Amino acid sequence: MNEAYDVSHFLAGLMLVVSFALIYQDRLLAVLRTFAIQAIVLALAVAWQALVQDRPNLFITAGLALGLKGIVIPLALHRMIFRLGIHRDVEQVVGVGLTMLFGLALTALSLMLVLKATASAPAVAREVLAIALAIILLGFLMMITRRNAVTQIIGFMSIENGLILGATGARGMPLVVEISVAFSVLIALFVFAVFVFRIRERFDTVDVEVLERVRGDRT
Amino acid sequence: MTSSVYSILGQGIQTLLVLAIAPAITGVTRLVKARLMRKSGPPLLQGYRDLFKLLRKEVIVADTASWLFRVSPYLIFSLAWLAATLVPTFATGLHFSWTGDVIVIVALLGTARFFQTLAGMDVGTAFGGMGSSRESMIATMAEPAMLLVVLNLALIASSSRLPVIADYLVTQPLAIRVSLALALMSLVIVALAENARIPVDNPATHLELTMVHEAMILEYSGRHLALIEAASQLKLVMYGSLIICLFLPFGIASVDSGPAAWFVSLVLYVGKLTLAAITLGLWEVSIAKMRVFRVGEFLGIAFIFAFLGLLLSFVTEELLR
Amino acid sequence: MVDAANPLAMLFIAIALLLGCAMLAAAFRGRVLGLVYPVSLIAASLAVATDLSILLNGTTFTAHLPLGLPTIGLRVRVDALSAFFGIVVNIGTFAAALYGLGRHKQLSARVEPFFAAFAAAMNMVLLADDAFGFLFSWELMSVTSWALVIARHEDAEARRAAHVYLMLASIGTIALLFAFGAMAGPAGGYDFASIRSAERDPLVTGLVLAAVLVGTGSKAGIIPLHAWLPLAHPAAPSHVSALMSGVMTKVAIYGLIRVLFDLLGKPSLWLGAIVLILGAVSTLMGVLYALMQHDLKRLLAYHTVENIGIIFIGLGLSLTFKSNNLDALAALALTAALFHVFNHCLFKSLLFLGAGAILHATGKRDLEVLGGLIHPMPLTALAFLIGCIAISALPPLNGFVSEWLTFQAILQSPSLPHLPMKILLPTVGAVLALSAALAAACFVKAFGIAFLGRPRSQAARDAHEADSFALSAMAILALLCIASGLFPGFFIDALGSLNHALLGTQMPTQSTIPWFSIVPIGDVRSSYDPLLISIFLLFCAGATAIFIHFFASRALRRAPAWDCGFPDPSPSIQYTASGFAQPIRRIYGTITFSAKEQVDMPPPGSSTPARFSVKLHDHIWELLYLAPARYMLAISERLNVFQFLTVRRYLILMFAALISLLVVVMVIT
């Protein structure tokens, strides 16, 4: 039991640290790379859960996470970024220091909340759930404090990573659900990409602050 | 009775050991950096030769300097030496290790920094003030991170005394503890900042506007400069010993294990310290110095890591109760 | 009748001396004014000796005097807590009076009578055993200190400071009135004995706590009620600033401890958390405010806010442990807080007296025009340096001991049952560490710019050493700082009876531990030996000096500064105070104060100088003071209409009031 706890604790903690690193980055390509690392760590964590819980269909989930989120989506976004010509810095709404402090507070909040609410569950599940909630909140934080549409997409994906971590930690979810979730993510990405291209063609920018100003109901 | 004799003897050996080994460790780092840049570099014992040369030279003191300028090097040196002797190197439980716990050790270095920054401002030049101002800024960010790491370890080991923490960590089974890994990374970043190493400060720079620590000691010469150089070397050894005794404590002897165990532990300690010095040299060659205001973000990472480590160790303790 | 033994009578004599001398000085002026300070010295020494014996013996004395209200009389009581704070108050008074002996006799008629009355009022607060006596003495304390602040009434800054001070003091007293009224309850037993035994429901207790925090917190200087401190402390004469900053704030802490620990019984679980958070916020904001200042006295006043925050942290820790039934740890935290009370009185008074000496010698308070004062004022500089080291919590002086004890209490957080509290304590510890580092930076700035370097103005060049009275006052305080830093064990033991009275247990005996070391919890946990560390430091420094002088070179030569080969004769090339704080202002000030730097560059080819300006916003002042003031003014402008109604409209008003009262009566019955 202890070995299972140790490795899962290590992988979940590593994913939390990578999520913090995701907020810290200010270059678009570095954000992509960090997101890919997050997806790889997620795949490892899910694979370990598959071993420990003895549920082979979780291996497929791990494979999907690795394949889609670790390789395909970063590559696609990479190409998109180069075609859009926006491989430059990310601007942030709130300074890095303050964002990180918020992130710490959110982590503390989710840890305290989940540990209090799940007093009767096994230790592995409680911890993974707590860290998963923290990663979800950090993903939200990332979406709030960014101005570039591409990084907001990545923030959204990292929320999804957190959800998968939490779901597998708490005794896994059916394969059908997982595949459908993965497909919907792929479709969403596709739609996002098409829209972003269109926006760029029309307005010459993907900065959401600028886009705000050209909304129809605002003069 | 023999235990008391051993502990006094061990304390004496440690006091002299840290003083003797400090210039050599800095020499190792310098040699590694030079060799990696395809230069032949200074010989290993050059640090000792430099100190002796400086000790024999005449001191030139500015007209506007006060008694604080002349007294500070002695105080800084004594404080650094004291801090280095209180950290366990090859044996835990030495005779005077109870006079100060890890918080006291961190605070003693704070006193040394206080006098160093005052001395920088004493002569009334622009560079001195600049060095003191930047050093104060770095200190305000490094100290809380250091203290969080210390708090984390003290909470895990239920004691704030270094020998007790070291003994506790030695007896733990080898486990992958994320909280300890985060504490280690945080402590390494703080150590880089406090010892004025790249990426926070360049110890070998000649451009005054890039200096932090060197700017404060610009007016020092002769025996005063020798003492301050020796103090920074001792500080490096102290941080190295701290990291080793907290995170790589295997092989450390206890005070009554006898001379044979001590000798083995001593060899291991010197080996680990040399390895740390080589790693430092490698690191300094691979990375560039940061802008002064990016140092804040860098040290902020140390703070975040330390706090995360603290949170995670609380979680682990809560779950495994 | 006075049924007490000698100690209470001694304290009465001391207070009577002070009050009598104050009244005589106010009535007769002239020669009588010169008696105030010597009499204060005698009264303060008497009080310290008496209080020391009461504290060490741990006995309590009460009396019921036929003064004050006709049938009720005045209840007086001195116990270990009053005695401890009495020692603190009277040491400060002694030092301030000693300093005052050497002062220029300029404002005598305005300062001296009120000085003695102020000292008397503070002692009276500590002795009060019923609500009336407490509030009367509290108000007397406020009014006399207000009179002292407005002593230099031609100065617009002093007038404004006194105005703000009076307002906040009144708000505080109203809050305390409400608190004591709620504590006494409908039965109306106003003496502390009956308050202690009264039963209250939790809502009332909560209201009382909020009122007491507002009342005592405004006098102590907790954020956000601190706004009067940085205005009033600099405006008062220097030795009075020392009293207000170092001593009066402690009387407010006394009031807080008396209510929270003694009168209200067992604290609830969340009370400690509230006090902790208040303390942490005050500590951090206080020191950040201080870093932005370049007026020496205002800097010191903001540091008082910071140190009061540290005391609140200690008290919050003690309350948390007490509410979780961990009495031994509560004793440790309370000892840390009280030790800091003592330490702060010592080093803050020392620093203010030093600032007074600088002001007297140069006529300036602004750091930007000082410099190089260590040469004409070497003894003042040494005393000020000791104060700076002590307040920066650096070993081996006393500031470090109280901070170390606070950290030891924080390290006990795993003993608490609730996870949020377990996480809150180390967070507060991180904030404490941050503010300690910031405080050290601030005092490097203060000492470095004022005393080191080269003089930046003619006033600094013409400075002279302080007079012997000021020097002896500073020397006494500095020696006390060193003594309590090197021998903290005796101090901790002296507080034993106090802890026992308030919490039921005390810390383990320290004076029996070999080598004057202190071991607050257990040998394995932690220990600290300041004496041995100091001996080693002195021995090492001395031995190194002797070794080098005999075996290496002894030669020394004076020459102009090297300055990398760019020597500049102008002293304005040196760092300024705001320049020193600029990196810290950039990092912390942009968030907390919306700090903006602006450089106005002249066009190329023009020879006019560039201008550099910094804009800081005090958000607390703007949001919590100016905004409500504006609303109040707006509302009162609207209500002004009622001044100008016709006779018929007034009649309508009275008619409407009568009808609505009748309706209310109908609804109720």
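Thresholds, definitions, all that
Residues numbered from 1 in each chain as written. Chains lettered and ligands numbered in written order. Predicted model: local features only at pLDDT ≥ 70, side-chain atom pairs only at ≥ 80, totals over all residues. Heavy atoms only, no water. Helix = DSSP H or I, 4+ residues; strand = E, 2+ residues; numbered from the N terminus. Rg over C-alpha atoms; globule rule 2.2 N^0.38 Å. Buried < 20%, exposed > 50% of the residue type's maximum accessible area, 1.4 Å probe, protein only. Contact = heavy atoms within 4.5 Å. Areas by Shrake-Rupley, 256 points an atom, 1.4 Å probe, with all protein chains shown as cover. Domains from an automatic or database assignment. Axes fitted to C-alpha atoms, helices over the stretch in contact; angles between N-to-C directions. Parallel < 35°, antiparallel > 145°, perpendicular 65-115°, else oblique. Left-handed = near helix turned anticlockwise from the far one by under 90°. Nonpolar A, V, L, I, M, F, W, Y, C, P; charged D, E, K, R; others polar. Salt bridge = Lys/Arg side-chain N within 4 Å of Asp/Glu carboxyl O. Buried area = accessible area lost by both parts, 1.4 Å probe. Polar contact = N/O pair within 3.5 Å; in protein donor to acceptor, adjacent residues only side chain to side chain. Pairing = 2+ DSSP bridges. Phe/Tyr/Trp six-rings, centres within 6.5 Å; stacked < 30°, edge-to-face > 60°. Lys NZ or Arg CZ within 6 Å of the ring centre and 35° of its normal. Core = buried A, V, L, I, M, F, W, Y, C linked by side-chain atoms within 4.5 Å. Disulfide = S-S within 2.5 Å.

1. Digging into the overall build of chain C
The number of helices and strands found in chain C is 25 helices and five strands. The globule rule puts the C-alpha radius of gyration for 669 residues at 26 Å, and the 27 Å found for chain C is close to it. C-alpha extents for chain C along the principal axes are approximately 100 × 70 × 65 Å. Burial status across chain C gives 58% buried among its 669 residues. Considering only residue pairs separated by 6 or more positions, chain C has 78% of its internal contacts joining residues 24 or more positions apart.

2. Some words on the overall build of chain A
If you tally the helices and strands in chain A, you get eight helices and zero strands. Counting helices and strands in the order they occur from the N terminus, chain A gives α-α-α-α-α-α-α-α. Looking at chain A residue by residue over its 219 residues, the buried ones come to 52%. Sequence separation of 24 or more characterises 75% of the internal contacts of chain A that already satisfy a separation of 6 or more. Entry remark: accessible area of chain A is about 10,400 Å², with carbon and sulfur atoms responsible for 68%.

3. A look at the side chain of Ser238 of chain C
On the secondary structure map, Ser238 of chain C appears in helix 10 (residues 238-263). Residues contacting Ser238 of chain C, with those up to four places away along its chain left out, are Tyr99, Lys297, Phe352, Gly356 and Leu359 of chain C.

4. Examining the domain arrangement of chain C
Domain parsing of chain C yields domain 1 (273-543), domain 2 (575-615) and domain 3 (623-668). Relative placement of domain 2 of chain C and domain 3 of chain C: their C-alpha centres are 50 Å apart.

5. Considerations on the packing of helix 11 (residues 269-291) of chain C against helix 16 (residues 419-451) of chain C
All names here are of chain C. In the contact formed by helix 11 and helix 16, the axes pass within 9 Å of each other and the chain directions differ by 20 degrees. The pairing of helix 11 with helix 16 is recorded here as roughly parallel in orientation. Note on packing geometry: the crossing formed by helix 11 with helix 16 is left-handed. Two secondary-structure elements touch here, helix 11 through Ala273, Leu276, Ile277, Ala280, Thr283, Leu284, Val287, Leu288, Ala290 and Leu291 and helix 16 through Met421, Leu424, Leu425, Val428, Val431, Leu432, Leu434, Ser435, Leu438, Ala439, Cys442 and Lys445. Class assignment of the residues belonging to the contact of helix 11 with helix 16 gives a composition of 19 nonpolar, two polar and one charged.

6. Section: the pattern of salt bridges
Residue and element names in this part refer to chain B. By the definition in use, this model includes 16 salt bridges over all chains. Between Arg113 and Glu143 there is a salt bridge, with the nearest N and O atoms lying 2.6 Å from each other. A residue pair is termed long-range when its members are at least 10 positions apart, and Arg113 in helix 4 (residues 102-122) and Glu143 in helix 5 (residues 126-157) qualify at 30 residues. The class of Glu143 is buried, set by a relative accessible area of 19%.

7. Some details on the interface of chain C and chain B
Opposite the 79 residues of chain C that make contact, chain B presents 80 residues. Across the chain C to chain B interface the summed buried area is about 7,100 Å²; carbon plus sulfur atoms make up 72%. Our enumeration of links across chain C and chain B arrives at one salt bridge. In this structure, Arg557 of chain C engages Glu58 of chain B in a salt bridge whose closest nitrogen and oxygen atoms are separated by 3.4 Å. Where chain C packs against chain B, one counts 24 residue pairs in polar contact (both at pLDDT 80 or more). Elements that contribute at least two residues to the side of chain C that touches chain B include exactly helix 14 (378-391), helix 15 (398-410), helix 16, helix 21 (530-551), strand 3 (556-559), helix 22 (577-580) and helix 23 (582-592) of chain C. By residue number, the principal contributor to the side of chain C that touches chain B is helix 16 of chain C, which donates 16 residues. Residue classes in the side of chain C that touches chain B are distributed as 53 nonpolar, 16 polar and ten charged. As judged from the four bridges shared by strand 1 (residues 59-62) of chain B and strand 3 of chain C, these two strands associate in the parallel manner. Note on strand 3 of chain C: the bridge partner recorded for Ala62 of chain B is Ala559 of chain C.

8. Let's talk about the interface of chain B and chain A
Across the contact, 20 residues belong to chain B and 21 residues belong to chain A. Note on chain B versus chain A: buried area summed over both sides is about 2,000 Å², and carbon and sulfur give 81% of it. For the interface between chain B and chain A, the tally reads zero salt bridges. At the level of secondary structure, the elements contributing two or more residues to the side of chain B that touches chain A comprise helix 7 (178-194) and helix 11 (292-319) of chain B. Counting residues per element, the side of chain B that touches chain A draws most heavily on helix 11 of chain B, which supplies 14 residues. Looking at the side of chain B that touches chain A residue by residue, the class counts come to 15 nonpolar, one polar and four charged.

9. Points about the packing of aromatic side chains
Think of a pair of aromatic rings as described by two things: how far the centres are apart, and how the planes are tilted against each other in angle. Taken as a whole, this structure holds 28 aromatic pairs over all chains when the rule is applied. An angle of 5 degrees between the planes, with centres 4.2 Å apart, marks the rings of Phe69 of chain B and Tyr220 of chain B as stacked. Here Phe69 of chain B, found in helix 3 (residues 67-86), pairs with Tyr220 of chain B, found in the loop between helix 8 (213-216) and helix 9 (222-247); they are 151 residues apart in sequence, far enough to count as distant. On the accessibility criterion, Phe69 of chain B (2% relative accessible area) is buried. Aromatic rings pair up to connect Phe84, Phe85, Tyr254, Phe339, Phe342 and Phe491 of chain C into one cluster. Note that Lys272 of chain B overlies the ring of Phe250 of chain B, its terminal NZ or CZ placed 4.5 Å from the centroid. Cation over ring: Arg586 of chain C sits above Phe293 of chain B, and NZ or CZ is 4.1 Å from the ring centre.

10. Looking at the side chain of Lys235 of chain B
Structurally, the position occupied by Lys235 of chain B is in helix 9. Beyond its immediate stretch of four places on either side in the chain, Lys235 of chain B contacts Leu109, Glu194 and Asn195 of chain B.

11. Some details on the nonpolar core
By size, the foremost hydrophobic cluster in this structure holds 390 residues, and its most contacted members are Leu246 of chain B together with Phe84, Phe85, Phe180, Met244, Ile253 and Leu315 of chain C. In terms of residue count, the dominant contributor to this core is helix 13 (residues 327-362) of chain C (23 residues). Each of domain 1 (273-543) and domain 2 (575-615) of chain C gives at least three residues to this core. Not counting chain neighbours up to four residues away, the residues in contact with Phe180 of chain C comprise Ala131, Phe134, Leu135, Tyr190, Phe192, Ile195 and Leu263 of chain C.

12. Quick word on the state of the cysteines
A full pass over the atoms with the stated rule returns zero disulfides over all chains. Cys345 of chain C provides the cysteine sulfur closest to Cys481 of chain C, a residue in no disulfide bond, and the two sulfurs are 9.4 Å apart.

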